[in-house]
Every structure is written in C-alpha cells, then in structure tokens.
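# Summary of the model geometry
What follows is each chain in one-letter form.
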Amino acid sequence: MTDLTLSELAAAIAVRKISALEATDACLERIARLDGRLRAFITLDAEGARARARALDGELAAGRRRGPLHGVPLAYKDLCHVAGLPTSCGTRTRDYFTSQIECTAVARLTAAGAVTLGKLNMTELALGPFGDNPHHGDVGNPWKAGHVSGGSSSGSGAAVAAGLAFGALGSDTGGSIRLPAACCGIVGLKPTYGRVSRAGAMPLSWSLDHLGPMTRSVRDAALMLEIIAGHDPHDATSSAHAVGTPAATLDLPVRDVRLGLPENYYFDGVTPEARAAVEAAARTLAELGARVQTLRLPDPAPLIDVAGVLARSESSAIHARIVRDRPHELGAAVRARLEVGFHVSAHDYLQAGRLRARLTRTFVQEVFAEVDALLTPTIPEPPPALAQVTAPPVDEIVRRMGRFSRLTRPFNALGLPVLALPAGFTADGRPLGLSITGRPFDEATVLRLGQAWEQASDWRARRPPV
C-alpha cells in the first residue's frame, strides 16, 4: 500500500477500496520498522492519526467526503505549528516556536481531509543543506546509508522516499525543499514567492522563505499546491494571484515549449554524472516536442550575495535570543552562521533589498523573453558521504554548505517557481536531480514539463532499498 502515490491512494479511499485507517496503519507500521534508522520523525502522533482516520472513515461511510485528500496520511516539517503538537524547529527545545494560529498550509490540507502523522526532522533552525541534526539524530538517506539526505527539510525528503508518509510539507529559504528532494529521489516544489502562505511556520528569512509540497510524483505535488496556495490574511506577503488548476493541465503536450539550458554558472563545477543526467532529460523533452536551446543567463553571483545579506541579517534577528542567551544549545555551524548576521549594517540590508528587486526585474525580462522555463541540475554532485561534509573545522563546513546549495540559492532571491525531480541514479544507487524553473506564478508550465519528463522516464517505479 505504501508504494502508492498520494493521488492513487486518495482515489482508492474515495471508492472505499482502502480505508483511511488501513492507510494510516500501513504508514505507522513502516515508521515503527524503519524510522530507527532513518530518523525522519521528531514527533509521531500515532493515536491522534488513528483517531482522525477512524472519524474520516465514518464520514465517508455516511456519504461525506471532506476533499481531495480525504483519509491520506501526511507529515509536516517541524517548523509548522500544528495544534496539539510541539514545534522544536530541530532544536533541543521542545516548544521552540509557538504561534497563535495553526500553520495555514497545514490547516488547508487538514480541511481537505488529510491525516496528520506527526512532525518531521530537520536541520537545526533550517540552517543547513546536509540533513544532520545534533539533537534528534542525522536523517538517513533511504537510498544510500551514511550519505547526505539533504536539508533542511531532511525528514520530509526521507519520509516520502521511504513510504513513511504519502506527502509532506517542507520549507525553502536557499534550497531546503529541492536539496532533500534531489538527495532522496522525490519531487519537491518551491512555489513562487507569496504563492503559499508562511503564516504559522517558523520564519528563517522573511524575504526568502517559501513553503511547498514534497511528494512521490509530479501529480501529487500539483494536487497539494492547489490546496495550500492562495491568499491568506494572516500573511501580508501572500499573493492574491489566481492559483488555477495546474493538475488539470499536467498531461497537455509540451510541444513548442521553449526550454533553456544555461551556458554559464549552473554547469560549472558540476560532476559529469549530474551534467549528463540533465542533458539526457533535455534530449527527452526535445523528443517530446519542447524547443531546447542554450542561453547565457545574467550572472547569479550578485543575487547570491544579495540573498546572503538578507538571510544572514533576518535569521539573526529572528533567532537573536537563543544566540545571545543560550548559544551552547546550538550546533557549532548553526551558531557561526547566525552570529555573522549581527554584523550586517542597516545600510547594507536596505541596499540588498533594492538591488534584489532590480536584479529580479532584469532576470525575468531578459530570460523569459527567450524561453518559457530553465533546466538545471539541483545539486552539483550525487549525495556525498555525511561524515565527509560535516567534518570540522566549522568554517570548512560552512564553505561546503555554500557549495552544495549554490545551484538553488539564486532562485530564492528571484522568487521563481522551481520543481525539483529525479533525473536518474549513479552506478552505486545515489539519486541525481534536475530542476525546472519558470516565470513568476507559472507553476502550471513547470509542472507540465515535469510531468512529461516523469512519464517518459522509469525512475518513479524504483524504490529505495530500505
């Protein structure tokens, strides 16, 4: 049962071929058997999930279906406030983050009928790309033990890949949905900035944070996006731009869609395996009718610098209390990254915001005049050994973090929608990832291209050897 996609399970529950309780018990059994090695969960609400599933089964028997996710078990990154459950944000403090309202994205999924299994492990305070956590254990890569699971939504990536949940929420400030999606061989969508409300989720950087779905298929990601997207009065940055129904257009042809392969930056320093996987996907999409071309992008280096200034200053302001009052509770690399932000001047911060707006306008106008979407690697290499990238000294760890997330960070500064999805595997079974980036609020095209690639490849039939 846990090999089903979210969409397949929802359809089976709707016709009462599978009950919500059966699906929930299947997840809980798998968690009990595998999570000792994977460490994907911080908080598991087994009894709450079973009670919710029983109630939903009763409602369905009485002719009431709450929505498209009726009875589907999901789990959420532990920076989303969920009523009745603690929110540690990956720290040693059980209730590090509190909110007057439940995370809006979670509330919308619950209203659509989802069952909450619990809260998922994450890099401490969402500040790291590798999936290590000194308090709750390092999240294991389901495909290759001892290797990076991706961060900071590491538990979300591992849980979905290993069949512990049918879908999850992650957050993305510099790649934290897309990196674990690439490392764990699943689909992760960073929507357009403002497309999904961040209300009720711990912020890391107000200017760069995104919430989005992490799933086993492109269709599942489109379905979850339709539910969680849309304006929210609790989040002033959420957009009123129409969401539409991207799931309904997934199977439209990609003929004549203009797809760009960057000539600069995004393939620099990328391993031959990672490059070959993306180029193979480009050839496949070209065979399906997409018009693939190479193009030179505006230099992303200024954008990365701008995003660094914004992220460092905002994260330090958000987490100033723990850094100043309880620094001993933080991991060394996390503490070092936060402390840097105290030295960003107000002048530099304001100038960074202005420069970001100008660079974004230039990028969107120049790039999307030539193409409809971009195809790039998600990570510059297959998931490396965790012990290797987390070995001291601290300044070297921080440097490795920057290198590993160098391909994802520019798109947070730009606020563009990006779909990360599998692009194949190395000879030793480690996932390779590609990303499809589109115009602001054009998730539909990005998802349609992803669906075309997914249907033409065989990666989705593979399961990790856990």
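Heads up: these notes are all about the structure in this document. Remember, predicted model here, so these are calculated numbers, not experimental data.

Below, the discussion takes up unusual backbone geometry. For residues besides glycine, phi is generally negative; the peptide bonds are generally trans as well. Residue Ser 152 follows Gly 151 across a cis peptide bond; omega there is 5 degrees. In this fold, Ser 152 is placed in the loop between strand E3 (115-120) and helix H5 (154-161). Here Pro 392 and Pro 393 are connected by a cis peptide whose omega angle stands at 10 degrees. With respect to the element layout, Pro 393 can be found in the loop between helix H13 (386-389) and helix H14 (394-404). Residue Leu 125 is not a glycine yet carries a positive backbone phi of 55 degrees. With respect to the element layout, Leu 125 can be found in the loop between E3 and H5.

Moving on, we come to the pairing of strand E7 (residues 258-262). Among the five residues in E7, five count as buried, and that is most of the element. Burial along E7 is two-sided: the face carrying Arg 258, Gly 260 and Pro 262 and the face carrying Leu 259 and Leu 261 are both buried. Note on the crossover from E7 through helix H8 (residues 272-287) to strand E8 (residues 291-295): the handedness is right-handed. Where E7 lies against strand E9 (residues 373-377), two bridges are found, and the strand directions are parallel. Directly across from Leu 259, in E9, lies its bridge partner Ala 373.

Time to look at the sheet that holds E7. The strand order across the open sheet formed by eleven strands is E1-E3-E2-E4-E6-E5-E10-E11-E9-E7-E8, and the pairing between neighbours is mixed. If you trace the sheet from one side to the other, it starts and ends with strand E1 (41-44) and E8, each paired once. Across the sheet, the axes of successive neighbouring strands diverge by a mean angle of 30 degrees, strand direction being ignored. Where strand E4 (residues 168-172) meets strand E6 (residues 210-215), five bridges bridge the pair, whose relative direction is antiparallel.

The subject of this paragraph is the state of the cysteines. A complete count under the given rule lists zero disulfides for this structure. Summary of cysteine pairing: Cys 89 is not part of a disulfide, and the nearest cysteine sulfur, belonging to Cys 80, is at 9.1 Å. Its sulfur unpaired, Cys 183 is 6.4 Å from the next cysteine sulfur, which belongs to Cys 184. Classification of Cys 183 as buried rests on a relative accessible area of 0%.

A few words now on the pattern of salt bridges. Per the stated rule, a full pass over the model turns up 20 salt bridges. Asp 25 serves as the salt-bridge partner of Arg 50, at 2.8 Å between the closest nitrogen and oxygen. A residue pair is termed long-range when its members are at least 10 positions apart, and Arg 50 in helix H3 (residues 46-61) and Asp 25 in helix H2 (residues 20-38) qualify at 25 residues. Taking the relative accessible area as the measure of exposure, Arg 50 reaches 22% and is therefore partly exposed. Taking relative accessible area as the criterion, Asp 25 reaches 30% and is therefore assigned partly exposed. Between Arg 198 and Asp 235 there is a salt bridge, and its shortest N-O distance comes to 3.3 Å. Of this pair, Arg 198 sits in the loop between strand E5 (187-190) and E6 while Asp 235 sits in the loop between helix H7 (218-228) and E7, and the two are 37 residues apart along the sequence. As far as the burial class goes, Arg 198 and Asp 235 line up, both buried. Through salt bridges with shared partners, a single network forms among Asp 25, Glu 47 and Arg 50.

Once that is clear, we can look at the packing of helix H9 (residues 301-318) against helix H12 (residues 346-367). Running from N to C, H9 and H12 point in directions that differ by 140 degrees, and their axes come no closer than 9 Å. Looking at the two axes, H9 sits oblique to H12. As H9 runs across H12, the sense of the crossing is left-handed. Contacts from Pro 302, Leu 303, Val 306, Val 309, Leu 310, Ser 313 and Glu 314 of H9 reach H12 at Asp 348, Tyr 349, Ala 352, Gly 353, Leu 355, Arg 356 and Leu 359. Classifying every residue of the contact of H9 with H12 gives nine nonpolar, two polar and three charged.

For a regular strand, side-chain orientation follows a simple rule: the groups alternate between the two sheet faces. In terms of burial, E4 is largely enclosed, as five of its five residues are buried. Burial along E4 is two-sided: the residues Ala 168, Gly 170 and Asp 172 and Leu 169 and Ser 171 are all buried. Relative to E4, strand E2 (residues 73-77) runs parallel, the two being bridged by two bridges. Among the inter-strand pairings, Tyr 76 is bridged to a residue of E4, identified as Leu 169.

A few words on the environment of Glu 226. Within the secondary structure layout, Glu 226 lies in helix H7. Between the C-alpha atom of Glu 226 and that of Pro 422, which follows or precedes it by 196 residues, the distance is 22 Å. Apart from residues no more than four positions distant in its own chain, Glu 226 is found in contact with Val 243, Gly 244, Thr 245, Pro 246, Ala 247 and Ala 248.

Take the packing of H9 against helix H11 (residues 332-341) next. H11 packs onto H9 with a crossing angle of 100 degrees between their chain directions and a minimal axis gap of 7 Å. With respect to H11, the element H9 is oriented roughly perpendicular. The residues of H11 that touch H9, namely those facing Arg 312, Ser 313, Ser 315 and Ser 316, are Leu 338, Val 340 and Gly 341. Taken together, the residues that form the contact of H9 with H11 break down as two nonpolar, four polar and one charged.

Ranked by internal contacts, the top residues of the largest apolar core, which has 112 residues, are Leu 69 and Leu 109. Leu 109 has contacts with Leu 69, Leu 74, Tyr 76, Ala 114, Leu 169, Met 224, Ile 227 and Ile 228, leaving out every residue within four places of it along the chain. With 25 residues, the next largest nonpolar core counts Leu 208, Leu 297, Val 309 and Ala 352 among its residues.

Scanning the entire structure with this criterion turns up five aromatic pairs. Plain terms: the ring middles of Tyr 265 and Tyr 266 are 5.0 Å apart, the flat faces sit at 80 degrees to each other, and that makes the pair edge-to-face. The exposure classification of Tyr 265 matches that of Tyr 266, with both residues buried. Counting every residue linked through ring pairs, the aromatic cluster contains Tyr 265, Tyr 266 and Phe 411.

Conventions adopted
Residues numbered from 1 in each chain as written. Predicted model: local features only at pLDDT ≥ 70, side-chain atom pairs only at ≥ 80, totals over all residues. Heavy atoms only, no water. Helix = DSSP H or I, 4+ residues; strand = E, 2+ residues; numbered from the N terminus. Buried < 20%, exposed > 50% of the residue type's maximum accessible area, 1.4 Å probe, protein only. Right-handed = clockwise from strand over helix to strand, strands pointing away. Pairing = 2+ DSSP bridges. Axes fitted to C-alpha atoms, helices over the stretch in contact; angles between N-to-C directions. Disulfide = S-S within 2.5 Å. Salt bridge = Lys/Arg side-chain N within 4 Å of Asp/Glu carboxyl O. Parallel < 35°, antiparallel > 145°, perpendicular 65-115°, else oblique. Left-handed = near helix turned anticlockwise from the far one by under 90°. Contact = heavy atoms within 4.5 Å. Nonpolar A, V, L, I, M, F, W, Y, C, P; charged D, E, K, R; others polar. Core = buried A, V, L, I, M, F, W, Y, C linked by side-chain atoms within 4.5 Å. Phe/Tyr/Trp six-rings, centres within 6.5 Å; stacked < 30°, edge-to-face > 60°.

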